[in-house]
Amino acid sequence: MNKSALSHALPLAAAGALLVVFPFVGGKFYIDLMVTTMILGIFALSLELLVGLTGLVSFGHAAFFGIAAYATALLAPQAAAASIAWLLPAVLAITTLAAAAIGALSLRTRGIYFIMVTLAFAQMAYFVFHDMKFAGGSDGLYLNIKPVLALGSVTLLDLDRPLTFYYVTFGALVLVYGLLAAVRRARFGHALAGIKANEQRMRAAGFSTYPYKLAAFALAGGLAGVAGFLYAVKDGFVNPEILAWHQSGTVLLMLILGGIGTLRGAVIGAFLFVVLKELFQSEALFGNFARHWQLPLGLTIIGCVALMPNGITGLPTQLRSLRTPVPHAG
Amino acid sequence: MDLAVFLVQCLNALQYGLLLFLVASGLTLIFGILGVINLAHGSFYMIGAYLAYALAPWAAANVGGGFFTALAIGVVLSIAFGYALEWGFVSYLYQREHLQQVLMTYGLILVFEELRSILVGDDVHGVAPPAWLAGSVQLGDVMTYPVYRLFMSAVCVLVALALYAVIARTRIGMAIRAGASNREMVQSLGVDIRLLYRVVFAAGVALAVFAGMIAAPVSSVYPGMGNQVLIISFVVVVIGGIGSVRGALVASLLVGVVDTFGKVLIPQTAGILVYVLMAAILLWRPEGLFRTG
């Protein structure tokens, strides 16, 4: 292993190890918060595939998170525990299909249009769950009994147990991270990066770019579905607000906080967002003002994008280039 | 559906569509000419509605005239506000990527919403229309229609005509049309593009604020009212084509008709019909109906 690969893998392994031992040192509140952070990390990773790798700015990614959460609550039987073995694949299949359908239409547009169209489709999904009777309207739905994974009469995983759920979420995060790392190294990932750099040239080089973008969109939707599934199981409750456009804005914010273009940026961004949100919502620090937490959040977004457009992971590079000014390329 | 009901729904569709046009025309011009995706545009509509709520009693007590004085003050304030916002904030967005524009204007929405919550609170408020517009007209034997809604539609038509006259007949309108089809070319032909940007942005803000103010007596004033209008305005811009004011007009009326009649004929799916319309247009013409440039 050469030096740069080592310097890359070491922090990752250290972060992984920290997450593994965290339940033994953190209190109940912090374990819960860490589960939320990891779920949001998966969600942000799924969008990173679109925004960071392919250069497609989707403002409707919450739709797939929400569709998966609703599918989980709707498919799970009321009176018995569902088996993860069929529930998770079914949820992911539904979400991926929905993403393929929305992607097929949205990808007919580009640039500003694409941003607006994805936002509009997410809003459409919001209204489907908000207005339709089967989804419980604005009250939402409950998932009373959490899914289990059983082999015969032996229960392998019971998601009702907090510690089990913690490690399942951690495992999902590692799997999604690993999958996306593999995608980046594969021919498919190189093609997506080429589309981001110059779609025209990719087409001239003989790539039909539309199917590549559609595959990326469907895969990103499916991976957001993993996060949506975990979210529904964690809280045992879904309502239309999880598809609201604020969610789509929030996940984009995580990416830009962490730094676009790297996988670790997405996860770090999710972590930073949760920290910022807890900080601004803290009544101990802000007293009564804490209920206006979106004001400092809004100002932080503006400040972060203005001052460190490459996010926190891009900050060292940005500071270095400040010290030794080099002519800007492109 | 008998004739009177049909007529009332037509009037409602027209009124909703025209109101949307005031918001969407500013949005489409800001996209088309400044090249900025402005998520905070819905907030201007919200600010307008709250201005109507806050200014009308103040104007009645101090200046006289109530609603219309408030309207005039609101328009002047909004032009100044738009001018200042372009100078202090939006002008820093021109060189940035769409994603950064999206996030910075999204941050702006959060700031505006919380400031609104701090200054005015989170309650729903009604705004009374001026007394002489408060009545209804008789339509057929049983139906009545509020005069204020007719007045709204008439005012929107006047504003649309004025907008058309400015864009089609004046020198600055010529620069706006040229700017929507080719920004760089206009700049190189010696038009002061920074002034043009500032004027267009201020006009867009004023249109949205004005729409919010005149809508306040009908829709009442409530938190989050800007977001809904924003997303529907996006749909209008996508259908009409970026930068095209004519497209915005046609698309607004189309959305008004689909939404209004959808709510009457198939109430279960009313929320999503407009988006289905957008999807259909995307299949047919991905660039919108009247794309310029």
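A. Focus on the overall build of chain B. Looking only at helices and strands, one finds 11 helices and two strands in chain B. N-terminal to C-terminal, the α/β element order of chain B is α-α-α-α-β-β-α-α-α-α-α-α-α. The C-alpha atoms of chain B give a radius of gyration of 19 Å, which matches the 19 Å a tight globule of 293 residues would have. C-alpha extents for chain B along the principal axes are approximately 60 × 50 × 35 Å. Counting every position in chain B, which comprises 293 residues, the buried fraction comes to 48%. Considering only contacts within chain B whose residues lie at least 6 apart along the sequence, 78% involve residues at least 24 apart.

B. Quick look at the overall build of chain A. Counting its secondary structure elements, chain A contains 13 helices and four strands. Rg of the C-alpha trace for chain A: 20 Å, near the compact-globule value of 20 Å for 330 residues, within the 12% margin. Seen along its three principal axes, the alpha-carbon backbone of chain A occupies a region of about 65 × 50 × 45 Å. In chain A, buried positions account for 45% of the 330 residues. Contacts in chain A between residues at least 24 apart in sequence constitute 75% of all its contacts with a sequence separation of at least 6.

C. Seen up close, the interface of chain A and chain B. At the interface, 36 residues of chain A touch 32 residues of chain B. Contributions of two or more residues to the side of chain A that touches chain B are made by α5 (112-131), α9 (245-258) and α12 (294-307) of chain A. Examining the composition of the side of chain A that touches chain B, we find that 14 residues originate from one element, α5 of chain A, more than from any other. Looking at the side of chain A that touches chain B residue by residue, the class counts come to 26 nonpolar, eight polar and two charged.

D. Fine view of the packing of helix α10 (residues 245-265) of chain B against helix α11 (residues 270-284) of chain B. Residues and elements named next belong to chain B. The N-to-C vectors of α10 and α11 enclose an angle of 150°; their axes lie 8 Å apart at closest approach. Taken as axis vectors, α10 and α11 run roughly antiparallel relative to one another. Viewed along their axes, α10 and α11 form a crossing whose handedness is right-handed. Contact with α10, carried on its side by V255, V258, D259, G262 and K263, involves A270, L273, V274 and L277 of α11 and no other residues of that element. Class assignment of the residues belonging to the contact of α10 with α11 gives a composition of six nonpolar, one polar and two charged.

E. Looking closely at α10 of chain B. Residue and element names in this part refer to chain B. Here α10 contains 21 residues, and its C-alpha end-to-end distance of 30 Å stays within 8% of the 30 Å for a straight helix at 1.5 Å per residue. Buried within α10 we find V245, G247, A248, L249, A251, S252, L254, V255, G256, D259 and T260. Considering only its buried residues, α10 is in contact with α1 (3-34), α5 (147-169), α9 (225-240) and α11.

F. How the structure looks around the environment of S153 of chain B. All names here are of chain B. Along the chain, S153 turns up in helix α5. Judged by the 18 C-beta atoms lying within 10 Å of it, S153 is partly exposed. When the C-alpha atoms of S153 and G17 are compared, they prove to be 9.1 Å apart, with 136 residues separating the residues in sequence. Filtering out sequence-adjacent residues up to four positions away, S153 remains in contact with L14, Q15 and L18.

G. Broad picture of the environment of G261 of chain A. For G261 of chain A, the position within the fold is in the loop between α9 and α10 (263-280). Each C-alpha atom, one on G261 of chain A and one on R323 of chain A, is 23 Å from the other, the two residues being 62 residues apart in sequence.

H. Highlighting the confidence of the model for chain B. Residues and elements named next belong to chain B. Confidence in the prediction of chain B, expressed as mean pLDDT, is 88, and 98% of residues score 70 or more. Within chain B, the lowest mean pLDDT, 79, falls on strand β1 (residues 136-139), and the highest, 92, falls on helix α4 (residues 98-120). Interface confidence for the predicted complex, expressed as ipTM, amounts to 0.86; the pTM equals 0.89.

I. The pairing of strand β3 (residues 154-158) of chain A, seen in detail. Residues and elements named next belong to chain A. Sheet analysis places strand β2 (residues 148-151) next to β3, joined by four bridges and oriented antiparallel. Among the inter-strand pairings, L149 is bridged to a residue of β3, identified as L157. Between β2 and β3, which pair antiparallel in sequence order, lie two residues; one of them, G152, sits at a positive phi of approximately 65°.

J. Highlighting the nonpolar core. Membership of the largest hydrophobic core comes to 204 residues, with the highest contact counts inside it found for I42, A44 and A120 of chain A together with A49 and V235 of chain B. No other element matches helix α8 (residues 193-219) of chain B, which puts 17 residues into this core.

K. How the structure looks around the environment of A215 of chain B. Residue and element names in this part refer to chain B. Here A215 lies in helix α8. For the pair A215 and I172, spaced 43 residues apart in sequence, the C-alpha separation works out to 29 Å. If sequence neighbours within four positions are ignored, A215 has contacts with L19 and A49.

L. Main features of unusual backbone geometry. Despite not being glycine, S220 of chain B has its phi angle at roughly 60°, a positive value. Looking at the secondary structure, you find S220 of chain B in the loop between α8 and α9.

M. Main features of the packing of α5 of chain A against α9 of chain B. With their axes 9 Å apart at the nearest point, α5 of chain A and α9 of chain B run at an angle of 130° to one another. Considering their axes alone, α5 of chain A and α9 of chain B lie oblique with respect to each other. Between α5 of chain A and α9 of chain B lies a crossing whose hand is left-handed. Every residue of α9 of chain B that contacts α5 of chain A at Y113, M116, V117, L119, A120 and Q123 of chain A is listed here: I231, F234, V235, V237 and V238 of chain B.

Rules behind the numbers
Residues numbered from 1 in each chain as written. Chains lettered and ligands numbered in written order. Predicted model: local features only at pLDDT ≥ 70, side-chain atom pairs only at ≥ 80, totals over all residues. Helix = DSSP H or I, 4+ residues; strand = E, 2+ residues; numbered from the N terminus. Rg over C-alpha atoms; globule rule 2.2 N^0.38 Å. Buried ≥ 20, exposed ≤ 12 C-beta atoms within 10 Å, placed from the backbone. Contact = placed C-beta atoms within 7 Å. Nonpolar A, V, L, I, M, F, W, Y, C, P; charged D, E, K, R; others polar. Axes fitted to C-alpha atoms, helices over the stretch in contact; angles between N-to-C directions. Parallel < 35°, antiparallel > 145°, perpendicular 65-115°, else oblique. Left-handed = near helix turned anticlockwise from the far one by under 90°. Expected span 1.5 Å × (residues − 1). pLDDT = per-residue confidence, 0-100. Pairing = 2+ DSSP bridges. Core = buried A, V, L, I, M, F, W, Y, C linked by C-beta atoms within 7 Å.

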